[in-house]
Number of protein chains: 2
Amino acid sequence: MEKYEIEFNQDIPKYIEISKYIKKMIDKNNIFDGEKLPSIRKLAKTLMVNEVTIVSAYKKLEAEGYAYQKMGSGTYAKRRDTNIKFKKEYSNTLKKISGKDLKIYVDFTGEITSSEFFPVTVFKDVLNEVLDRDGAEAFAYKESLGYEGLRNSISSFFWDNKVSTEDILILSGAQQGIDIVSKSIINVHDNVVVEKPTYGGALTVFKWRRANIFEVDILEDGIDLSQFEQILKKNRIKCFYAMSYFQNPTGATYSLEKKLKILELAECYDFYIVEDDYLSELIYDQKQYKSFKSLDKNDRVIYIKSFSKIFLPGIRLGYMISPEKYKEHIQNSKINTDISTSSLMQRALDLYINKDLWKQHINYLNMAYKDKYDFMINCIDKYLGKKVSYFTPGGGINFYFKIDENLKINSMDLFYSCKNKKVLITPGVLFYKNAEQGNNYFRLSFSELKKPEIEEGIKVISKILEKIPKR
Amino acid sequence: MEKYEIEFNQDIPKYIEISKYIKKMIDKNNIFDGEKLPSIRKLAKTLMVNEVTIVSAYKKLEAEGYAYQKMGSGTYAKRRDTNIKFKKEYSNTLKKISGKDLKIYVDFTGEITSSEFFPVTVFKDVLNEVLDRDGAEAFAYKESLGYEGLRNSISSFFWDNKVSTEDILILSGAQQGIDIVSKSIINVHDNVVVEKPTYGGALTVFKWRRANIFEVDILEDGIDLSQFEQILKKNRIKCFYAMSYFQNPTGATYSLEKKLKILELAECYDFYIVEDDYLSELIYDQKQYKSFKSLDKNDRVIYIKSFSKIFLPGIRLGYMISPEKYKEHIQNSKINTDISTSSLMQRALDLYINKDLWKQHINYLNMAYKDKYDFMINCIDKYLGKKVSYFTPGGGINFYFKIDENLKINSMDLFYSCKNKKVLITPGVLFYKNAEQGNNYFRLSFSELKKPEIEEGIKVISKILEKIPKR
């Protein structure tokens, strides 16, 4: 307790002084992130104040994001994200390129399909067919779950009618799915497990709900199960957010065994798997890929799927399959989030699927992306060599690199150096609860790039890494 | 303290027994909603337990929605909404009519423009023109604020270029605006003021953020200012959610004086006005209507506007104007909520506005709705007479009625009686923080009804009210 020496000033309420002191200690790393703070009784005794004063001080720390409570266990320190500044700069950079204020030659940050592949003419015909067929109906919003025709098509086309149309909820994209699930099932201080690293947009949403976030390392075949079980044994977990194949950012894919084991754990420890079925259409190898949802026998999976990323980003469509337990909650959350999703777009996508155009388009994309993917691997091996390590995802649009530990650079500096040379990369810091842990990693997405751009960009990164002094 | 007599059972942790006991007392109304719970020290002494046990018990009550804390003041009881069951039934009824499982003759619950007024053919031409003009671009999402062309048109067409294009954020409808504002500016336990009654969809969103909600009575010319100032004097308020004209549900419109006064108070007490500019297009009298935003000199208004309600519900479009202080926060919240809004729809609306079709359409709607509105008033006066009281809104699509106090019926029973006769109304209970307060009120929206339906429906309600015994 020798850390806690506070000289009180008469003019300031004691609980404010105490919280200020502890904040400073956390910022200086004299109290570590996740360190247990003294018990209320103990600290009250040490500082010779009332217990209620300590309760108020801890409450204030909590409100300011410097502490969190675990029921029946006490209060823990929480380090504020020191890289908020960088995150802002990164997102402003992306905003600028999208606004075209910034001339960038090679953008490895893109997360959606290249516009060269958009089936514009065909989709236009489909839209017109819908408008002629449905008239004013195409602009109404009547069905709170989404257009029934589309829900039927999803059930039959993607799930062989094994999922009920009534369990499907149409979304305005996958990000909305994560937001809605969070509102429906996560309360303040609930425990959530995520993959480490994971998608930053999901981390943000869980933080909004004030969830306690646990991270579990991801290996080439899915998360580290022993770490995961350790957490499950000690904590009551509400849900586990997972991308089952070509995980963002790592590109990792769960083995069938791990999926089955995790489903078993979900039943045993009573938690739900929030499955973000990310880019499962882009498969370049011959392996069989199965979602958690398709393997789920106990209604333990909340399944989220985007149509936007792979198809037409601008149509903003996706869907969710809810377990019985949360179905109504999730539906109501959708209504209170944005009432409903564009009816015209739902009808158009439905017709597009039913004309078998979806299948043709995905086959075409697979071929086109397989070609880019192979080219990426060639360029990486040719130019980056031993300066980085990575594993080949076998699908998707991302490669995740660990920078050689002997090189004295962190991924944020690498980002700035690349940006100076008109190349944009995504530094690993964006994929972790505590940004520092991503210092040695970066992600390259080849989705929106042509081959010459890929080669040019990787050459630039290679040259930058070459000039880095060794430790 | 005589309320607090608990016999402890050895097998159950004491904090759980205490929280259970208090929960029961709140449910039974032995502890009132908003009543201050005993101080931690006092209750610990009374029950002869450790203070920390009481802290845990209060914490548990809070987590379960039965209590809330005010910093430096203590813990307060919170009554769980006893009408959750009714709300569920109401929303299930609406889901059923939308799913067509339920045959309803007259639906007074509709909140959007009647589909007979949708400009389908014209909009189809506009869509095609956009697709021919923009090609793949129409399906990309590049601009995080929304399509620049549309933001320019909004600035010039609706704001005479007095609002910067950079301050406008395109939304997927107004509901999303409320959700995004909440995520950006409201933290757990922050104080929010709403009109009483107010839009239920906003209440839900504020509850999600665990805000403390204060309600202020709405009069014919806006909220009761003395009530409002009382609250401002005693509490640090984060924001005030207001519908400036034809308020939902009451139809009330703020006087210019009240608007100016509230803007002054916002500056003085440092809060923000979240203005939901609801249905400001439908004006039937000759009065001048001005939004808070247009009167705001101190950047105190967060302005939210829907295009969906009045125009084409299925296009899901709206926009928001953010004050400088929260601009970046709000933009990032939008991205983490659904990445972006349908690009094609934004482009089509932009072209629609620029071809001056918007203005023509709104003029046409005004005429068509003025006619329905006058007819509504005639029917109300003819059939409902003194069984209800109400005031004439002068615009919009809603009438809000107070049931004659001598009639022994509450609005939920009225809802069920009407539903039996194939008429749907919206009971007042949905518009209050504590549903009971809406027992004497109901809302009728004439938006989606034709004249014969309006007359038929009001006759049915009249007959039901006639049969109600007097108190």
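Residues numbered from 1 in each chain as written. Chains lettered and ligands numbered in written order. Predicted model: local features only at pLDDT ≥ 70, side-chain atom pairs only at ≥ 80, totals over all residues. Heavy atoms only, no water.

## Considerations on the overall build of chain A
When helices and strands are tallied, chain A shows 16 helices and 16 strands. Projected onto the principal axes, the alpha-carbon positions of chain A cover approximately 75 × 55 × 45 Å. Sequence-distant contacts in chain A: of pairs separated by 6 or more residues, those separated by 24 or more amount to 72%. In the structure as shown, chain A presents an accessible area of about 19,100 Å², 48% of it carried by carbon and sulfur atoms. (Helix = DSSP H or I, 4+ residues; strand = E, 2+ residues; numbered from the N terminus. Contact = heavy atoms within 4.5 Å. Areas by Shrake-Rupley, 256 points an atom, 1.4 Å probe, with all protein chains shown as cover.)

## So, the state of the cysteines
Enumeration according to the criterion identifies 0 disulfides over all chains in this entry. Distance from the sulfur of A:Cys239, which forms no disulfide, to the nearest cysteine sulfur (A:Cys268) is 17 Å. Look at A:Cys239 and you get buried, because its relative accessible area is 0%. For the unlinked cysteine B:Cys379, the closest cysteine sulfur is that of B:Cys418, found at 15 Å. On the basis of relative accessibility, which here comes to 3%, the residue B:Cys379 falls in the buried class. (Disulfide = S-S within 2.5 Å. Buried < 20%, exposed > 50% of the residue type's maximum accessible area, 1.4 Å probe, protein only.)

## Considering the interface of chain A and chain B
With 72 residues of chain A at the interface, the matching set in chain B holds 72 residues. Summed over both sides, the interface of chain A with chain B buries roughly 6,200 Å², with 58% coming from carbon and sulfur. Together, A:Phe139, A:Trp208 and A:Asn336 form the three largest contributors to the area buried by chain A at its contact with chain B, with a combined 12%. Our enumeration of links across chain A and chain B arrives at 6 salt bridges. As a salt-bridge pair, B:Lys59 and A:Glu62 come within 3.7 Å of each other at their nearest N and O atoms. (Buried area = accessible area lost by both parts, 1.4 Å probe. Salt bridge = Lys/Arg side-chain N within 4 Å of Asp/Glu carboxyl O.)

## Observations concerning the packing of helix H7 (residues 174-185) of chain B against helix H8 (residues 200-208) of chain B
Residues and elements named next belong to chain B. At their nearest, the axes of H7 and H8 sit 9 Å apart, and the two run at 25° to each other. Judged on the interaxial angle alone, H8 and H7 are roughly parallel. The hand of the H7/H8 crossing is right-handed. Between H7 and H8, the contacting residues are Gln175, Ile178, Asp179 and Ser182 on the first element and Gly201, Ala202, Val205, Phe206 and Trp208 on the second. Its residues placed into classes, the contact of H7 with H8 shows 5 nonpolar, 3 polar and 1 charged. (Axes fitted to C-alpha atoms, helices over the stretch in contact; angles between N-to-C directions. Parallel < 35°, antiparallel > 145°, perpendicular 65-115°, else oblique. Left-handed = near helix turned anticlockwise from the far one by under 90°. Nonpolar A, V, L, I, M, F, W, Y, C, P; charged D, E, K, R; others polar.)

## Section: the relation of the copies chain A and chain B
Rotating chain A by 180° and moving it 0.2 Å along the rotation axis overlays it on chain B with an RMSD of 0.3 Å. Here the transformation between the copies is reduced to the relation of a two-fold axis. (Least-squares fit on C-alpha atoms with pLDDT ≥ 70 in both.)

## A word on helix H6 (residues 148-159) of chain A
Residue and element names in this part refer to chain A. With 12 residues, H6 extends 15 Å between its outermost C-alpha atoms, agreeing within 8% with the 16 Å of an ideal straight helix rising 1.5 Å per residue. Where H6 is concerned, the buried positions are Gly149, Leu150, Arg151, Ser153, Ile154, Ser155 and Trp159. If you follow the buried residues of H6, they end up packed against strand S4 (168-171), helix H11 (292-295), strand S10 (301-306), strand S11 (318-321) and helix H13 (343-354). Phi for Asp160, located one or two positions after H6, is positive at around 55°. (Expected span 1.5 Å × (residues − 1).)

## Examining the nonpolar core
Among soluble globular proteins, nonpolar side chains are generally buried collectively. Among the nonpolar cores identified, the biggest contains 276 residues, and A:Phe228 and B:Phe228 are the most heavily contacted of them. The next biggest cluster of nonpolar side chains, apart from the first, holds 44 residues, and it includes A:Tyr15, A:Tyr58, B:Ile22 and B:Ala44. (Core = buried A, V, L, I, M, F, W, Y, C linked by side-chain atoms within 4.5 Å.)

## Considering the sheet that holds strand S13 (residues 398-403) of chain B
All names here are of chain B. Here we have 4 strands laid out as an open sheet, ordered S12-S13-S16-S15, and antiparallel in their pairing. The sheet is open, and its two borders are formed by strand S12 (388-389) and strand S15 (426-427), each paired with just one other strand. Across 5 bridges, S13 lies against strand S16 (residues 441-445) in antiparallel orientation. Across the sheet, the residue bridging to Tyr400 is Arg443, located in S16. Of the strands in this sheet, S12, S13 and S16 are in contact with helix H14 (residues 357-384), which crosses S13 at around 15°. (Pairing = 2+ DSSP bridges.)

## Some remarks on unusual backbone geometry
Residues and elements named next belong to chain A. Cis rather than trans, the peptide bond between Lys196 and Pro197 has omega equal to 0°. With a phi angle near 55°, Asp270 is a residue other than glycine that sits in the positive phi range. Residue placement: Asp270 occurs in the loop between helix H10 (256-269) and strand S9 (272-277). Note on Asp270: relative accessible area 30%, which makes it partly exposed. In this structure, Ile339 takes a positive phi of about 65° despite not being glycine. You can see Ile339 is positioned in the loop between helix H12 (327-338) and H13.

## Brief notes about the side chain of B:Ser306
Looking at the element boundaries, B:Ser306 is found in strand S10 (residues 301-306). A residue is classified by how much of its surface remains accessible, and B:Ser306, at 8% relative accessible area, is buried.

## Let's talk about the domain arrangement of chain A
Note: interface size is frequently given as the accessible area lost on complex formation between the parts. All names here are of chain A. Structurally, chain A comprises domain 1 (14-77), domain 2 (84-110 + 362-466) and domain 3 (120-359). For domain 1 versus domain 3, the separation of C-alpha centres amounts to 38 Å. The partner domain 3 presents 4 residues to the 5 residues of domain 1 that form the contact. Seen at the junction of domain 1 and domain 3, the total is 0 salt bridges. The interface formed by domain 1 and domain 3 contains 1 residue pair in polar contact (both at pLDDT 80 or more). Only helix H3 (51-63) and strand S1 (67-70) provide two or more residues apiece to the side of domain 1 that touches domain 3. (Domains from an automatic or database assignment. Polar contact = N/O pair within 3.5 Å; in protein donor to acceptor, adjacent residues only side chain to side chain.)

## Thoughts on the pattern of salt bridges
The final tally for this structure, using the stated rule, is 53 salt bridges over all chains. With its nearest N and O atoms 3.6 Å apart, the salt bridge here joins A:Glu466 to A:Lys387. One end of the pair, A:Glu466, is in helix H16 (residues 451-466); the other, A:Lys387, is in the loop between helix H14 (357-384) and strand S12 (388-389), with 79 residues separating them in the sequence. A single salt-bridge network, built from bridges that share partners, covers A:Asp179, A:Lys183, B:Asp179 and B:Lys183.

## Here we look at the environment of B:Lys422
Residue and element names in this part refer to chain B. Secondary-structure assignment places Lys422 in the loop between helix H15 (411-420) and strand S14 (423-424). On the accessibility criterion, Lys422 (32% relative accessible area) is partly exposed. With 171 residues separating them along the chain, Lys422 and Gly251 place their C-alpha atoms 25 Å apart. With sequence-adjacent residues up to four places away left out, Lys422 is seen in contact with Lys103, Ile104, Tyr105 and Val106.

## Considering the packing of H13(A) against H14(A)
All names here are of chain A. Packing of H13 against H14 brings their axes to within 5 Å, and their N-to-C directions diverge by 80°. Between H13 and H14, the angle falls in the class roughly perpendicular. Seen from H13, the contacting residues are Leu349, Tyr352 and Ile353; seen from H14, they are Leu357, Trp358 and His361. Here the contact of H13 with H14 is composed, by residue class, of 5 nonpolar, 1 polar and no charged.

## Points about a positive patch on the surface
Residues B:Lys382, B:Lys421, B:Lys459, B:Lys463 and B:Lys467 make up a contiguous surface patch of positive charge. By the element assignment, B:Lys463 lies in helix H16 (residues 451-466). (Patch = residues over 30% accessible without salt bridge, like charges linked within 9 Å, V, L, I, M, F, W, Y side chains within 5 Å. Lys, Arg positive; Asp, Glu negative; His and termini not counted. Charge placed at Lys NZ, Arg CZ, Asp CG, Glu CD.)

## Here we look at the pairing of strand S5 (residues 191-196) of chain B
Residues and elements named next belong to chain B. Burial analysis of S5 places 6 of its 6 residues in the buried class, the great majority of the element. In this sheet, strand S6 (residues 212-219) lies alongside S5 in parallel orientation, the contact comprising 6 bridges. The residue of S6 that forms the bridge with Asn191 is Asn212. Considered for its hand, the β-α-β crossover made up of S5, H8 and S6 is right-handed. Where S5 meets strand S8 (residues 237-242), 4 bridges bridge the pair, whose relative direction is parallel. Paired with Val193 across the bridge in S8 is Phe240. (Right-handed = clockwise from strand over helix to strand, strands pointing away.)

## A short note on the pairing of S10(A)
Residues and elements named next belong to chain A. Of all the 6 residues making up S10, 6 are buried; the element is thus mostly covered by neighbouring parts of the structure. Of the two faces of S10, the one carrying Val301, Tyr303 and Lys305 and the one carrying Ile302, Ile304 and Ser306 are both buried. Pairing of S9 with S10 involves 5 bridges; the strand directions are parallel. Bridge pairing in S10 places Ile273 opposite Val301. Across 4 bridges, the pairing between S10 and S11 is antiparallel. Among the inter-strand pairings, Lys305 is bridged to a residue of S11, identified as Tyr319.

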